[in-house]
There are 2 protein chains.
Amino acid sequence: MPTLSEVARRAGCTPATVSNVLRNRGRVGALTRQRVLEAVEALGYQPHLAARALAEGRAPTIALMVSSIANPFYPEFALAVERAARSSGHFLIICNTNEDPLAGRAYLEQIAGTLSEGVLVMNANLDFADLHKTEARGAPVVLCMWERPHEPPGLPCVAVDFRLAGQLAAQHLLELGHRRIGAIVASKAAGIHAARYDGFVDALRAAGLDAAQAPVRHARDTTQGGYRATRELLETHPQLTAIFATNDLPALGALHAAADLGLQVPHDLSVVGITDIQLAQESRPALTTVAVPTVEAAELAVSLLRELIEASPRGIRAAAKAPRVCITSAPKLVVRGSTQAPRAERS
Amino acid sequence: MPTLSEVARRAGCTPATVSNVLRNRGRVGALTRQRVLEAVEALGYQPHLAARALAEGRAPTIALMVSSIANPFYPEFALAVERAARSSGHFLIICNTNEDPLAGRAYLEQIAGTLSEGVLVMNANLDFADLHKTEARGAPVVLCMWERPHEPPGLPCVAVDFRLAGQLAAQHLLELGHRRIGAIVASKAAGIHAARYDGFVDALRAAGLDAAQAPVRHARDTTQGGYRATRELLETHPQLTAIFATNDLPALGALHAAADLGLQVPHDLSVVGITDIQLAQESRPALTTVAVPTVEAAELAVSLLRELIEASPRGIRAAAKAPRVCITSAPKLVVRGSTQAPRAERS
DNA sequence: CTGAAAGCGCTAACAG
DNA sequence: CTGTTAGCGCTTTCAG
């Protein structure tokens, strides 16, 4: 691989000049520029990113921490992040923590601040102390999908009003006339999805229902998890006419469970999820869900991270004011085929 | 972030010595080592990866080129690649080409050899010329899922016998008694999936059938694509009893189409796919498919890349012998609920 | 066993 | 306008 000085030699000037023309710094004579450009072309020169990073004191990548890229929601998000990162001149490093805080820590320690300029964190079961440590080392951190806009996490974040999402889902069911609704909370880590469930409860209350009366099951955030939870729910509470799930994957599982129990969705059972992942459109029936602004969140996260990077000139911590919280636009109900009014008005 | 020399100062020695203890080079006195380790600990020192990369002339990352990480197959593969990369000391950069050869080229030119030591290529619609160019610049390239083990592509690759996969799928259908089988070829780029279709034809021939008699549709490699193709196929050839799709996503689409046409799968129509992605287990009915050794392919790809990296000491091209081809273990038929013997023996 | 010195490829002042 | 001079943080001979 040709280097700057090889280009310089060929163009009959110094590396500094070549650098200048390449980055449009300092004025360079038209003729010199011309010769430099030719030399670059002839040699097929490409700047050495590691060298540049070292000299500039900044890295050309950002990291995305995620528990497992194989969860169908993450790739959609990752794709949007990558696009945004790309257009701000960064490459994306994917860090699968596999739900293991130690793996997460190892990643953070190794790349934050040396290979990656900043870190984006999707639900990845990380230790907050580790995150603060990486911040302190000079690598900004942004939480990508904070669930409670009004309860800041003590770290910069983009927040989605998931409580509202829960409300919207529940309201939809209530408006259709459902009164006996089972809830599935997909809480891998404690507390995650709590806001969504809170919203569900809000809506029930607002409709004058006793929320304690609605049966709940916790499940893993997978189709399987939702499948099992639904079967349990329906076995113990056969009179349920609808299922509210805090995420699409378990909602999809509910669809399967219903099929296996001989229930027609939405005729015998309505199902609603949250997020609106790709798959939600592809199930049979298609899933009614509350769409979360994924792409917007990804873009906000990257631009917030960028801002923080710019604002921390070589490791100087920003003043100790409260970390920024960016709020996305509101989640929106998407009605598809998995919900309708309950069949029997009397239960 | 503390640097090597800060550690050295604190430990009362020189950077060179610190470097030595950290990488177990050159002998270091037990006592010095002790002090160095303490200093490292006290300062929370972490090596600066970009600096190390520059000094060593090697990069700590590899790149995975993929057309879009949002295609459900890729994340599964990417996860396996990341694990393998990790355990060989590399980080993974995800490069979504978005099916755009120009985007792919831009990636290759920028990172190959400077940020990434090597490049893994999933079907990403890249220009082979670009790949050869990046090889020539000193960054090894490995194709991750070459479809024809016996027709080497002129680049190092890991090959999966997809022709066999096609055969297995077709044989399964034939053994069940199907004779009127429609084929869906999911060929985003020309020729991709051709091997799978060839295998299908092989099996038909072997069974004494006229392959020309089996209707074929080309489709995009998506559920949607499979959906449309299936509807077309069934409208023009209502007597079909089975659908063979070259990939799982279109096969899943076939399932949906059947449902919309009022056909029971597998009772009225059998469907078989290839790959065995996660989703294949989750459809209703679950999809019969030919499983491809994804994880194995990912691991082979990374280890082949590693080998090539080691073998090319700083950009010296290996001798011009034919590039290596690693062959994975054979694809295997996985029978699930979407296939059974055709209902009417007479069509 | 440890230190001194050179350099990886590039950028960033500051002179000329 | 262009060249000179220092590094960025680390590794790596090669002396001591």
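Residues numbered from 1 in each chain as written. Chains lettered and ligands numbered in written order. Predicted model: local features only at pLDDT ≥ 70, side-chain atom pairs only at ≥ 80, totals over all residues. Heavy atoms only, no water.

Looking at an unreviewed UniProt entry, chain A carries the name Transcriptional regulator, LacI family, with the source organism given as Paraburkholderia phenazinium.

Undergrad: Hey, could you run me through the overall build of chain A in this one?
TA: When helices and strands are tallied, chain A shows 13 helices and 12 strands. Dimensions along the principal axes, computed over C-alpha positions, put chain A at roughly 90 × 40 × 30 Å. In chain A, which comprises 347 residues, the share counted as buried stands at 52%. Across chain A, the centroid of the 35 positively charged side chains sits 6 Å from that of the 33 negatively charged ones. (Helix = DSSP H or I, 4+ residues; strand = E, 2+ residues; numbered from the N terminus. Buried < 20%, exposed > 50% of the residue type's maximum accessible area, 1.4 Å probe, protein only. Lys, Arg positive; Asp, Glu negative; His and termini not counted. Charge placed at Lys NZ, Arg CZ, Asp CG, Glu CD.)

Undergrad: What exactly am I supposed to notice about the protein's contact with DNA strand C here?
TA: Taken together, 23 residues lie near DNA strand C, and Leu-4, Tyr-45 and Arg-52 of chain A together with Gly-29 and Thr-32 of chain B sit nearest. Backbone atoms, meaning sugar plus phosphate, form 78% of the atoms of DNA strand C positioned within 4 Å of the protein. Take Ser-19 of chain A: an N or O atom from its side chain is 3.0 Å from a phosphate oxygen of DNA strand C. Element by element, the count of residues in the surface near DNA strand C is highest for helix 4 (residues 49-56) of chain A, at 4 residues. (Near = heavy atom within 4 Å. Polar contact = N/O pair within 3.5 Å; in protein donor to acceptor, adjacent residues only side chain to side chain.)

Undergrad: Even after reading the chapter, I still don't get the protein's contact with DNA strand D, so can you show me in this structure?
TA: Around DNA strand D, a shell composed of 23 residues is seen, among which Gly-29 and Thr-32 of chain A together with Leu-4, Tyr-45 and Arg-52 of chain B lie nearest. Taken together, the sugar and phosphate atoms account for 74% of what DNA strand D places within 4 Å of the protein. In the model, a phosphate oxygen of DNA strand D is placed 3.2 Å from a nitrogen or oxygen of the Thr-14 of chain A main chain. Side-chain polar atom of Thr-17 of chain A to a phosphate oxygen of DNA strand D: 3.0 Å apart, as the coordinates give it. Elements supplying a minimum of two residues to the surface near DNA strand D: helix 2 (15-23) and helix 4 of chain A together with helix 2 (15-23) and helix 4 (49-56) of chain B. Broken down by element, the residue count for the surface near DNA strand D peaks at 4 residues, all from helix 4 of chain B. Counted by class, the surface near DNA strand D contains 11 nonpolar, 7 polar and 5 charged residues. (Nonpolar A, V, L, I, M, F, W, Y, C, P; charged D, E, K, R; others polar.)

Undergrad: How do you make sense of the sheet that holds strand 10 (residues 288-291) of chain A when you look at a structure like this?
TA: Residue and element names in this part refer to chain A. If you trace the 6 strands from one edge of the open sheet to the other, you get 7-6-8-9-10-12, paired in mixed fashion. Bordering the open sheet on either side are strand 7 (216-219) and strand 12 (332-334), each of which pairs with just one other strand. Between one strand and the next, the sheet's axes are offset by a mean angle of 20°, whatever the strand orientation. Two strands pair when backbone bridges link them, and strand 6 (residues 181-186) and strand 7 are joined in this way by 4 bridges, in the parallel orientation. By the bridge assignment for strand 7, Ala-183 is matched with Val-216. Seen against the sheet, helix 8 (residues 162-176) touches strand 6, strand 8 (242-245), strand 9 (270-275), strand 10 and strand 12 and runs at an angle of roughly 160° to strand 9. Contacts from helix 9 (residues 194-206) reach strand 6, strand 7, strand 8 and strand 9, with the element oriented near 160° to strand 6. (Pairing = 2+ DSSP bridges. Axes fitted to C-alpha atoms, helices over the stretch in contact; angles between N-to-C directions. Contact = heavy atoms within 4.5 Å.)

Undergrad: So what exactly am I meant to see when it comes to the sheet that holds strand 6 (residues 181-186) of chain B here?
TA: Neighbouring strands of a sheet are bound in pairs by backbone hydrogen bonds; such pairs are parallel or else antiparallel. Residues and elements named next belong to chain B. Here we have 6 strands laid out as an open sheet, ordered 7-6-8-9-10-12, and mixed in their pairing. The sheet is open, and its two borders are formed by strand 7 (216-219) and strand 12 (332-334), each paired with just one other strand. Direction aside, neighbouring strands of the sheet carry axes that sit 20° apart on average. Here helix 10 (residues 223-236) sits on the sheet and contacts strand 6, strand 7 and strand 8 (242-245); the angle it forms with strand 7, its principal contact strand, is near 160°. Against the sheet, helix 11 (residues 248-260) touches strand 6, strand 8, strand 9 (270-275) and strand 10 (288-291), its axis set at about 160° to strand 9.

Undergrad: Is there a simple way to explain the relation of the copies chain A and chain B in this structure?
TA: Relating the two copies of this chain is a rotation about some axis coupled with a shift parallel to it. Note on the identical chains: chain A maps onto chain B by a rotation of 180° and an axial translation of 0.0 Å, with an RMSD of 0.1 Å. The transformation relating the two chain copies, once decomposed into turn and shift, fits a two-fold axis. Minimal C-alpha separation from the rotation axis in chain A is found for Ile-93 of chain A, amounting to 2.3 Å. Both copies contact each other with a shared surface, as 100% of the interface residues of chain A are interface residues in chain B too. (Least-squares fit on C-alpha atoms with pLDDT ≥ 70 in both.)

Undergrad: Explain the interface of chain A and chain B to me, please; I cannot follow it from the model alone.
TA: By a widespread convention, an interface's size corresponds to the accessible area lost as its parts come together. Taken together, the contact pairs 42 residues of chain A with 42 residues of chain B. Counting the surface lost from both chain A and chain B, the interface buries some 4100 Å², and carbon and sulfur atoms represent 62% of this. The interface formed by chain A and chain B holds 2 salt bridges in total. Across the pair Asp-260 of chain B and Arg-284 of chain A runs a salt bridge whose closest N-O atoms are separated by 2.5 Å. Connecting chain A to chain B are 16 residue pairs in polar contact (both at pLDDT 80 or more). Among the elements of the structure, helix 4, helix 5 (73-87), strand 2 (91-96), helix 6 (101-111), helix 10 (223-236), helix 11 (248-260) and helix 12 (278-282) of chain A are those that each provide at least two residues to the side of chain A that touches chain B. Grouping the constituent residues of the side of chain A that touches chain B by class yields 23 nonpolar, 11 polar and 8 charged. (Buried area = accessible area lost by both parts, 1.4 Å probe. Salt bridge = Lys/Arg side-chain N within 4 Å of Asp/Glu carboxyl O.)

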